[in-house]
Amino acid sequence: MGRYPPPGVETPARAAGPTTVDLHTHSRRSDGVLEPRALVAAAAATGVRLLALTDHDTLAGVRELRSAGAPPLPAGLELVAGIELSTTVDGDRELHLLGYGLDPDNDRLEARLAAFRAERRRRFERIVDRLRAIGCPVDEALAGLDLAATDALGRPTIARALVAAGYASSVADAFERFLGR
């Protein structure tokens, strides 16, 4: 894979002000910081009218928002069922794929996503173990989190724990020094 965009190809201009569309968001069901309902409310409050919830490897947040008895979505906001899947290219370069318009009740899809989440959880635990081994335990910082409610644990959660434990000055610093490839 080459550089994106390829040399000589211009990218579309970015909006000068707030946009009414956000097609890449994460809730606490993966590596976001807000519960799905709070994420939707925050997006609506900023003027977003088309929102895709694209948690890593899970549609749990979408199911939660659409479940029977759930409060209605804010007026004027349309929710798109989305997902983000990660893979590698050429053995080591990470590639993130976004999918939209998925059926959150598809049992075959959910079975595959459950396998992805299980691997993600194992990777999370391996990273935490490695941090302990190098003298940077984050157990105390993670203890205050409800990791069972996080369907798709990811490196951003560990990065925030590294900051909380005083091993990194920011999430970017944590990625650069501890979590990058």
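Structure first, text after, so check above.
Computed from a predicted structure; not experimentally measured. (Residues numbered from 1 in each chain as written. Predicted model: local features only at pLDDT ≥ 70, side-chain atom pairs only at ≥ 80, totals over all residues. Heavy atoms only, no water.)

Novice: Any chance you could explain the sheet that holds strand E4 (residues 93-100) here in plain terms?
Specialist: Working definition: the strands of a sheet are paired by backbone hydrogen bonds and lie parallel or antiparallel to each other. What the four strands build is an open sheet, ordered E1-E2-E3-E4; its pairing is mixed. Edge strands, defined here as strands with exactly one partner in the open sheet, are strand E1 (21-25) and E4. The mean angle between the axes of side-by-side strands here comes to 25 degrees, regardless of whether they run parallel or antiparallel. Of the pairings in the sheet, the one linking strand E3 (residues 78-89) to E4 comprises eight bridges and is antiparallel in character. Looking across to E4, one finds that Ser86 is bridged to His96. (Pairing = 2+ DSSP bridges. Helix = DSSP H or I, 4+ residues; strand = E, 2+ residues; numbered from the N terminus. Axes fitted to C-alpha atoms, helices over the stretch in contact; angles between N-to-C directions.)

Novice: What should I look at first to understand the layout of surface pockets in this one?
Specialist: Approximately 480 Å³ is the volume attributed to the largest pocket. Elements supplying a minimum of two residues to the lining of the largest pocket: E3, E4, helix H3 (107-133) and helix H5 (155-164). Among the elements that make up the lining of the largest pocket, the one with the highest residue count is E3 (five residues). Taken together, the residues that form the lining of the largest pocket break down as four nonpolar, eight polar and 10 charged. When its volume is computed, the second largest pocket comes out at roughly 260 Å³. (1 Å grid on protein atoms, 1.4 Å probe; cavity = no way out; pocket = protein on both sides within 12 Å on 5 of 7 lines; lining within 4 Å. Points joined across faces, edges and corners; volume = space filled by probe spheres on them. Nonpolar A, V, L, I, M, F, W, Y, C, P; charged D, E, K, R; others polar.)

Novice: What's the story with the side chain of Thr58 in this structure? I'm lost.
Specialist: Among the structural elements, Thr58 can be located in the loop between strand E2 (50-53) and helix H2 (60-66). Of the polar contacts made by the side chain of Thr58, one reaches the backbone nitrogen of Ala60; its length is 3.0 Å. (Polar contact = N/O pair within 3.5 Å; in protein donor to acceptor, adjacent residues only side chain to side chain.)

Novice: Quick question: what am I supposed to make of the pairing of E2 here?
Specialist: Along a regular strand, successive side chains alternate from one face of the sheet to the other. As judged from the three bridges shared by E1 and E2, these two strands associate in the parallel manner. Looking at E2, one finds that Val21 is bridged to Leu50. Note on the crossover from E1 through helix H1 (residues 36-45) to E2: the handedness is right-handed. Where E2 and E3 come together, four bridges link them in parallel fashion. Bridge pairing links Leu51 to Leu79 in E3. (Right-handed = clockwise from strand over helix to strand, strands pointing away.)

Novice: What exactly am I supposed to notice about the environment of Val163 here?
Specialist: Summarising the element assignment, Val163 is placed in helix H5. Spatially, the C-alpha atom of Val163 lies 9.3 Å from that of Val138, the residues being 25 residues apart in sequence. Apart from residues no more than four positions distant in its own chain, Val163 is found in contact with Ala168, Ser169, Ser170 and Val171. (Contact = heavy atoms within 4.5 Å.)

Novice: What's the story with the pattern of salt bridges in this structure? I'm lost.
Specialist: One side chain can pair with another of opposite charge once the charged atoms of both are near each other. Using the criterion set out here, one finds 13 salt bridges in the structure. Across the salt bridge formed by Arg63 and Glu110, the nearest N and O atoms sit 3.4 Å from each other. Taken together, the residues Arg63 in helix H2 and Glu110 in helix H3 connect sequence positions 47 residues apart. Two residues, Arg155 and Glu94, come together in a salt bridge whose shortest N-O distance is 3.1 Å. In this pair, Arg155 sits in helix H5 while Glu94 sits in strand E4, placing the two residues 61 residues apart along the sequence. Salt bridges sharing common partners tie together Arg28, Arg29, Glu35 and Glu64. (Salt bridge = Lys/Arg side-chain N within 4 Å of Asp/Glu carboxyl O.)

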